[in-house]
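# Observations on the model geometry
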Amino acid sequence: MHRASEQYFVLTLPLKPEIWQQHVLEKRFEINRQIYNALLAKACRRYRQMIQTRAWRANQERLSEEADKEARKRLLKERDLLIQQYRLRKYDICHDATPLRQHFSAHTDSPVVQNLAAEVWQAVDALIRGRGTAAREKAPGQLRSLSGKTNNSSIKCREGVISWKGLLLSVAFKGNAYESQALKKELRFCRIKRESIRGKERYFAELVLKGTPPVKLQPDVRIDGRSGRIKVPGTAVQKVGIKAGFWKIAAVSEQEAILCDLPGKRCDLEHRKRKLTEYMERSRRGANPENYLPDGRIREGSADWKISNRYQKARSKYQELCRKQRALQREEQFLLARRITSMGDRFYIEEINFLKLGKRKPNSAGMQQSSPAAFMKVLRQKLCQQEKEVLWIQPFTLKASGFNHHTGSYQKMPLKKSWRIVDGQKVDKKLYSAFLLSNTAADQKGFDTESCREKFLLFLEHQKEALERYERESGQRNTHGGQALRTEDVRSA
């Protein structure tokens, strides 16, 4: 749809459809869901036929054993020929969608159906390349968005109105400065999104705009146009070091230090979700005793399930709690990212692959609770939005967690230990690592030890303030039932 090098952002605005328009949208979403399922069924049928052939099995066996690059290229070309033979390319699936789209031409159009076909191709391609285990159909209500390709056809935005096949939907504009600046940018395409909020279906217009999103500025503040922060003429570039973990993130600059828990799931909502899941399981077992074995396991091949009205109401409440949990966590992520980006101009961030680290059993629960990878994505987005300079540091090159600027040597630190001794002073491991990153040498191959010695006493003062602030915020969060409780071994990691 667009080149990978171009930057885009999404402006989400609520729609104000009338009741009859809501009924039309519900019908169109349901028809497009059935088209998606029909395309997926066709593609999966051909995929199963392909993987049962001798040629496919032989190709996969040789690929798993072959190490030579040239030989692997030939094997991959053979695999592509098999994919082409069984019509599993993106073009083939889009071609399958043509008769379905023509049959329902009153309720959908080519760009929308082609985007659905592209989603089907991605699901099947993940199976082919070993990135997925199953491609599942969408149940009623699971199709959440329909998207066009350009703003010239299909779903269009014209003068504050979303137009799609004779349906004119009013957009509720807020009229603030951020919205006005965003709408001045080039509009690439529109998307209609459906979301269930407090048991009611709400519809939104997602406008995909070209460029970077506007910076939200505070009133009556003189702001530098490049960075979006208070700029004092003649001051040097403010460097910030950032060290992120599974539970905490530390940021250190010359002016301050921050140690925060990553935004996690609220324990009160998690408690209510757990109660609902227990109730739903009891209700399902009571209504379907024939689908369970005597030891409590589900009987293999059970397909006929009776769903009671109370179960459906409990499921709706559970889905609403999940939505609220996601919304609150994402809001806190954006607030913390805005707080960190305001600390300086140049950011030294240790790049960590949380996906690989999450394979460790003690830390996998921490990733699900605090979502460090999702927060780092938000932080990257905010830094790019404000055009801040970002330098990503590989942890195996500088090894900030084990370096000592006083002795100039490295020492392997245990994961469970959150403190270390540097120059006779007790320092927090994450804060000290962020302090070292903020004093990275110009060639990024080591640390500026002279700068570390000059700023170390000031860092100790900032560390004391940061730890006191962290204890106060943690106490308030536990008092008001903010985030879920955490085990000590996972938290220290």
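Preceding this paragraph is the structure being described.
Let me begin by describing the structure that accompanies this report. Only a predicted model underlies this, so the values are computations on that prediction, with no experimental measurement involved. (Residues numbered from 1 in each chain as written. Predicted model: local features only at pLDDT ≥ 70, side-chain atom pairs only at ≥ 80, totals over all residues. Heavy atoms only, no water.)

### A word on the overall build of the chain
Within the chain, the regular secondary structure consists of 15 helices and 16 strands. Sorting the 493 residues of the chain into buried and exposed places 42% on the buried side. For the chain, restricting intrachain contacts to residue pairs at least 6 apart in sequence, the fraction spanning at least 24 positions comes to 71%. When the accessible surface of the chain is split by element, carbon and sulfur atoms take 50% of a total near 28,200 Å². (Helix = DSSP H or I, 4+ residues; strand = E, 2+ residues; numbered from the N terminus. Buried < 20%, exposed > 50% of the residue type's maximum accessible area, 1.4 Å probe, protein only. Contact = heavy atoms within 4.5 Å. Areas by Shrake-Rupley, 256 points an atom, 1.4 Å probe, with all protein chains shown as cover.)

### Quick notes on the nonpolar core
With 26 residues, the main nonpolar core has L431, Y432, F435, F456 and F459 as its most contacted residues. Counting only elements with at least two residues in this core, the list comes to β9 (248-252), β10 (257-261), β12 (389-393), α13 (429-438) and α14 (449-479). Top contributing element to this core by residue count: α14, with seven residues. When neighbours within four sequence positions are excluded, Y432 is seen to be in contact with F403, N404, H405, R420, V422, V427, F456 and F459. The next biggest cluster of nonpolar side chains, apart from the first, holds 24 residues, and it includes L25, L146, W164 and L209. (Core = buried A, V, L, I, M, F, W, Y, C linked by side-chain atoms within 4.5 Å.)

### Description of the packing of aromatic side chains
To describe a pair of aromatic rings, one takes the distance between the centres and the angle between the planes. Tallied over the entire structure, the rule returns 10 aromatic pairs. Aromatic side chains Y292 and W305 sit 5.8 Å apart centroid to centroid with 85 degrees between the ring planes, which places their arrangement in the edge-to-face category. You can see Y292 sitting in the loop between α7 (267-287) and α8 (309-341) and its partner W305 sitting in the loop between α7 and α8, a full 13 residues away along the chain. Residue classification places Y292 among the buried residues on the basis of a relative accessible area of 7%. Centre to centre, the rings of Y432 and F459 are 6.3 Å apart; their planes meet at 55 degrees, and the pair counts as tilted. Within this pair, whereas Y432 is found in helix α13, its partner F459 is found in helix α14, the two being separated by 27 residues in sequence. On the basis of relative accessible area, Y432 is assigned to the buried category, the value being 0%. The buried category is assigned to F459, whose relative accessible area is 2%. An aromatic cluster is defined as three or more aromatic residues linked by ring pairs; in this entry it consists of Y432, F435, F456 and F459. (Phe/Tyr/Trp six-rings, centres within 6.5 Å; stacked < 30°, edge-to-face > 60°.)

### Notes on α7
Between its first and last C-alpha, α7 extends 30 Å over 21 residues, near the 30 Å set by a 1.5 Å rise per residue. Every buried residue belonging to α7 is among L269, E270, K273, L276, M280 and S283, and all of these are buried. For α7, the angular spread of buried residues about the axis comes to 145 degrees, placing them on one side. Set apart from the buried face of α7 by more than 90 degrees, the exposed residues are R282 and G286. Of the surrounding secondary structure, the elements contacted by the buried residues of α7 are α8. (Expected span 1.5 Å × (residues − 1). Arc of directions from axis to C-beta.)

### Points about the environment of Q386
Structurally, the position occupied by Q386 is in the loop between α11 (372-385) and β12. With 172 residues separating them in the primary sequence, Q386 and P214 have C-alpha atoms 8.2 Å apart.

### Describing the packing of helix α4 (residues 90-103) against helix α5 (residues 110-128)
Contact pair α4 / α5: the axes reach a minimum separation of 9 Å and the direction vectors enclose 135 degrees. As summarised for this structure, α4 and α5 are arranged oblique, according to the angle between their axes. Seen along the crossing, α4 lies across α5 with a hand that is right-handed. Taking contact as the criterion, the partners of K90, I93, C94, A97 and R101 in α4 are, on α5, S110, V113, Q114, A117, A118, V120 and W121. In the contact of α4 with α5, the residues fall into eight nonpolar, two polar and two charged. (Axes fitted to C-alpha atoms, helices over the stretch in contact; angles between N-to-C directions. Parallel < 35°, antiparallel > 145°, perpendicular 65-115°, else oblique. Left-handed = near helix turned anticlockwise from the far one by under 90°. Nonpolar A, V, L, I, M, F, W, Y, C, P; charged D, E, K, R; others polar.)

### A word on the environment of R420
When you line up the elements, R420 lands in strand β15 (residues 419-422). A relative accessible area of 3% places R420 in the buried class. In the structure, R420 is positioned 19 residues away from S401 in sequence and 10.0 Å away in space, judged by C-alpha atoms. Beyond its immediate stretch of four places on either side in the chain, R420 contacts A400, S401, G402, F403, N404, M413, Q425, K426, V427 and Y432. Of note is the side chain of R420, whose polar atom sits 3.2 Å from the backbone oxygen of S401. Within polar-contact distance, the side chain of R420 engages the backbone oxygen of F403 at 3.1 Å. (Polar contact = N/O pair within 3.5 Å; in protein donor to acceptor, adjacent residues only side chain to side chain.)

### Examining the sheet that holds strand β4 (residues 161-164)
Across the sheet, three strands lie side by side as β3-β4-β5; this open sheet has antiparallel pairing. Single-partner strands in this sheet number two, and they are β3 (156-158) and β5 (167-170). Taken pair by pair, the neighbouring strands of this sheet meet at an average axis angle of 30 degrees, ignoring direction. Note that β3 and β4 share three bridges and pair antiparallel. Bridged to K156 within β4 is S163. Most of the contacts of helix α1 (residues 19-51) go to β5, to which it runs at about 115 degrees, and overall it touches β4 and β5. (Pairing = 2+ DSSP bridges.)

### So, a negative patch on the surface
Together, E61, E65, E66, D68 and E70 line one region of the surface with negative charge. If you trace the backbone, E66 turns up in the loop between α2 (54-65) and α3 (69-85). The exposure class of E66 is partly exposed, given its relative accessible area of 32%. (Patch = residues over 30% accessible without salt bridge, like charges linked within 9 Å, V, L, I, M, F, W, Y side chains within 5 Å. Salt bridge = Lys/Arg side-chain N within 4 Å of Asp/Glu carboxyl O. Lys, Arg positive; Asp, Glu negative; His and termini not counted. Charge placed at Lys NZ, Arg CZ, Asp CG, Glu CD.)

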